[in-house]
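What the coordinates show
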Amino acid sequence: MLLKYMVKNFKSIGNSIEFSMIPTADSSDKRFLTTLHTELGDIDVLRRGAFFGPNAAGKSTFMKSIQFAKNYITEPQRSGKNIIFSQFRGDIKELNKTTSFQFLFYVNGYIYEYGFALTARRVSEEWLMVLQDMENGAFVPVFTRATDEEGVTEVEIDEGYKFSDEKEKMLAEILTSSMKKEQKNQLFLYKLKENGVTVAKDAVNWFEDIEIVFPDSKVRYLPDNMEIDEGIRSFLAETLEQLDTGIFEITASDDKIDFQDFAQNVSLPLPDELISGVENNKNGLFNLGGKYYIFFDDKDHTSLVQLKFTHMLNNKVTDFSFDDESDGTKRLLDLLPILYNMKYKDTAIYFVDEIDRSLHTKLSKYLTKTFLEESKESHSQIIFTTHDVNLINLADFSKEEIWFIEKDITGETRLRPFSDFETDPRQDIIKGYLSGRFGAVPVIRGEE
């Protein structure tokens, strides 16, 4: 689970902003919390986080920073390649043309901090630490790394960290001298993971479990270890009927497509992540260019079938393709698999940009409320952005789940938790927000 995230100098984010899923000490409403059992004791963590703010405030930028960091951590980087990303364009000399990402997270009974800083040419700093003393917040480094402007890298394995066995420690120490000048853009964490060091594999796997959903996502791959051709169809059809979309059944087309033929003949190259996901799993679902496909193991190869959506019109059964459905139904089909996957995978973290896009308020509330209910026994979390002010409801959300994001007069994105503000239980929270009491609303010039 994610505990904290800090990012600096990425797009509209200049000085560091910090997002936390750790409740304040006086929080007592257990409806919104999961208790993590660590080697050092228990800690409560929130399962949802909601970002509210005007257009162009930096909500999508926050999500894109997560996406960039995840991809950089989980994908191999070619030696000597320049690092392509956007930094804050304002004049803040202290940023020193350096962008940094820092995560505090829980995995397999331990709390880790991992971070890295980079310029356009090199990873200048990198570190992985594990919490050693919860009361004092003391961490012991697994490794620290620094790369100077000449590309010379120094990595140090800390003697205070106990590896799973002596062989792994020796391997990690050997790898410290393997970072050459041309590898200055590569992460040491990935090198450890490639060589089978357990702590690095756990960390990288945690990042791989992050899923980021944008409104314009062209490809999404949703793996499952079950007979998904039955399970996902039934779940989606039942839920879509419940939500009054007009769909009462989802069927698969009769025409099977060989995946290899499909990959070779599709107009645009398929993403590596999708290809590897299909190849490594027997069953799954993916969305490509607005069409949904189920893939399954078909004897000695992988086959695809396209989904069809059945409506009842004037007492007549009619099949629609995905393209025929409304924007709201399409958005539900993007998001409902999150709820489905939670039944089989309880450690994923979902970042959803504009969760309310094309959805009625009641549907947005259904998604966020159902996630909370379904995640009671899991380590799953959802962090989303929205413009739907009706979700600012303290009967359904805790103040600590709500964050306000806006730009200041310098154009920097700023982030502030609702818990920083004192509120009266009798106060109309939505009216207070729209009047600008908490900031993070558009300022319309000339408006009285």
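Residues numbered from 1 in each chain as written. Predicted model: local features only at pLDDT ≥ 70, side-chain atom pairs only at ≥ 80, totals over all residues. Heavy atoms only, no water.

Topic: unusual backbone geometry
Residues other than glycine predominantly adopt negative phi, and peptide bonds predominantly adopt the trans conformation. Here the phi dihedral of N96 falls at roughly 55°; this positive angle occurs in a residue that is not glycine. In this structure, N96 sits in the loop between α1 (59-74) and β6 (99-107). With a relative accessible area of 59%, N96 lands in the exposed category. At N314, a residue that is not glycine, the phi angle is positive and equals roughly 50°. By relative accessible area, which is 79% here, N314 ends up exposed. (Helix = DSSP H or I, 4+ residues; strand = E, 2+ residues; numbered from the N terminus. Buried < 20%, exposed > 50% of the residue type's maximum accessible area, 1.4 Å probe, protein only.)

Notes on the nonpolar core
Grouped together as the largest cluster of nonpolar side chains are 74 residues, with contacts concentrated most on F103, Y114, F116, F143 and F351. Of all the elements, α1 adds the most residues to this core, at seven residues. Ignoring sequence-local partners within four residues, the contact set of Y114 consists of I73, F101, Q102, F103, F105, E126, W127, L128, F143, L187, L189 and F207. With 50 residues, the next largest nonpolar core counts I250, V305, L335 and F404 among its residues. (Core = buried A, V, L, I, M, F, W, Y, C linked by side-chain atoms within 4.5 Å. Contact = heavy atoms within 4.5 Å.)

Quick notes on helix α2 (residues 166-175)
Of the positions making up α2, those classed as buried are E168, K169, A172 and L175. Buried residues of α2 fall within an arc of 125° about the axis and therefore sit on the same side. Seen from the buried face of α2, the exposed residues on the opposite side, beyond 90 degrees, are E166, K167 and I174. Tucked inside the fold, the buried residues of α2 contact β10 (153-157), α3 (188-194) and α4 (198-208). Put simply, D165 is the residue that caps the front of α2, since its side-chain oxygen is 3.0 Å from the backbone nitrogen of K167. (Arc of directions from axis to C-beta. Polar contact = N/O pair within 3.5 Å; in protein donor to acceptor, adjacent residues only side chain to side chain.)

Some details on the pairing of strand β9 (residues 138-147)
Of the pairings in the sheet, the one linking strand β8 (residues 123-133) to β9 comprises eight bridges and is antiparallel in character. Of the residues in β9, the one forming a bridge with V130 is V140. Counting the residues in the hairpin turn of β8 and β9 gives four residues, including G137, whose phi is positive at 65°. When β9 meets β10, the two strands line up antiparallel, connected through five bridges. Bridging from a neighbouring strand, T144 pairs with E156 of β10. Counting the residues in the hairpin turn of β9 and β10 gives five residues, including G151, whose phi is positive at 90°. (Pairing = 2+ DSSP bridges.)

What about the packing of α1 against α4?
Packing of α1 against α4 leaves a shortest axis separation of 9 Å and a crossing angle of 140°. As the angle between them shows, α1 and α4 are arranged oblique. As for how α1 packs across α4, the hand of that crossing is left-handed. Contacts between α1 and α4 involve K70, I73 and T74 from the former and V204, F207 and E208 from the latter. Residue classes in the contact of α1 with α4 are distributed as three nonpolar, one polar and two charged. (Axes fitted to C-alpha atoms, helices over the stretch in contact; angles between N-to-C directions. Parallel < 35°, antiparallel > 145°, perpendicular 65-115°, else oblique. Left-handed = near helix turned anticlockwise from the far one by under 90°. Nonpolar A, V, L, I, M, F, W, Y, C, P; charged D, E, K, R; others polar.)

Concerning the confidence of the model for the protein chain
On average, residues of the protein chain carry a pLDDT of 89, and 95% of them reach 70 or more. Of all helices and strands in the protein chain, the one with the weakest mean pLDDT is strand β12 (residues 219-224) (57), whereas strand β1 (residues 2-8) scores best (98). (pLDDT = per-residue confidence, 0-100.)

Digging into the sheet that holds β6
In space, the seven strands of this open sheet follow the order β2-β1-β6-β7-β8-β9-β10, with antiparallel pairing throughout. The open sheet has two edge strands with one neighbour each: β2 (17-20) and β10. If you compare each strand with its neighbour and ignore which way they point, the axes differ by 10° on average. In this sheet, β2 lies alongside β1 in antiparallel orientation, the contact comprising four bridges. Residue pairing in the sheet places Y5 in a bridge with F19 of β2.

Structural notes on the sheet that holds strand β5 (residues 48-52)
The sheet built from six strands is open, its strands ordered β11-β19-β20-β5-β21-β22 with mixed pairing. Only two strands of the sheet have a single partner each, and these edge strands are β11 (210-213) and β22 (413-417). Adjacent strand axes in the sheet meet at a mean angle of 15°, parallel and antiparallel pairs treated alike. Summarising the sheet, β5 and strand β20 (residues 381-386) pair through five bridges and their orientation is parallel.

Some details on the packing of aromatic side chains
The tally for this structure, following the rule as stated, stands at 38 aromatic pairs. Ring centres of F143 and F188 lie 5.0 Å apart, and the angle between their planes is 75°; on these two criteria the pair is classed as edge-to-face. Residue F143 is located in strand β9, and its partner F188 is located in helix α3; the two are separated by 45 residues in the primary sequence. F188 shares its class with F143; the two are buried. A cation over an aromatic ring shows up here: K399 above the ring of F418, its NZ or CZ 5.2 Å from the ring centre. The cationic tip of R416 hangs over the ring face of F421; the distance from NZ or CZ to the ring centre is 4.2 Å. (Phe/Tyr/Trp six-rings, centres within 6.5 Å; stacked < 30°, edge-to-face > 60°. Lys NZ or Arg CZ within 6 Å of the ring centre and 35° of its normal.)

Things to note about the pattern of salt bridges
Within the structure shown, the criterion is met by 12 salt bridges. In this structure, R145 engages E126 in a salt bridge whose closest nitrogen and oxygen atoms are separated by 2.7 Å. Highlighted residues: R145 in strand β9 and E126 in strand β8, separated in sequence by 19 residues. Take R145 and E126: they sit in the same class, and that class is buried. We note a salt bridge from D408 to R414, for which the minimum N-O separation is 3.0 Å. For D408, a relative accessible area of 27% corresponds to the partly exposed category. On the basis of relative accessible area, R414 is assigned to the partly exposed category, the value being 33%. Among the ionic contacts, a cluster of salt bridges with common partners joins D408, E412 and R414. (Salt bridge = Lys/Arg side-chain N within 4 Å of Asp/Glu carboxyl O.)

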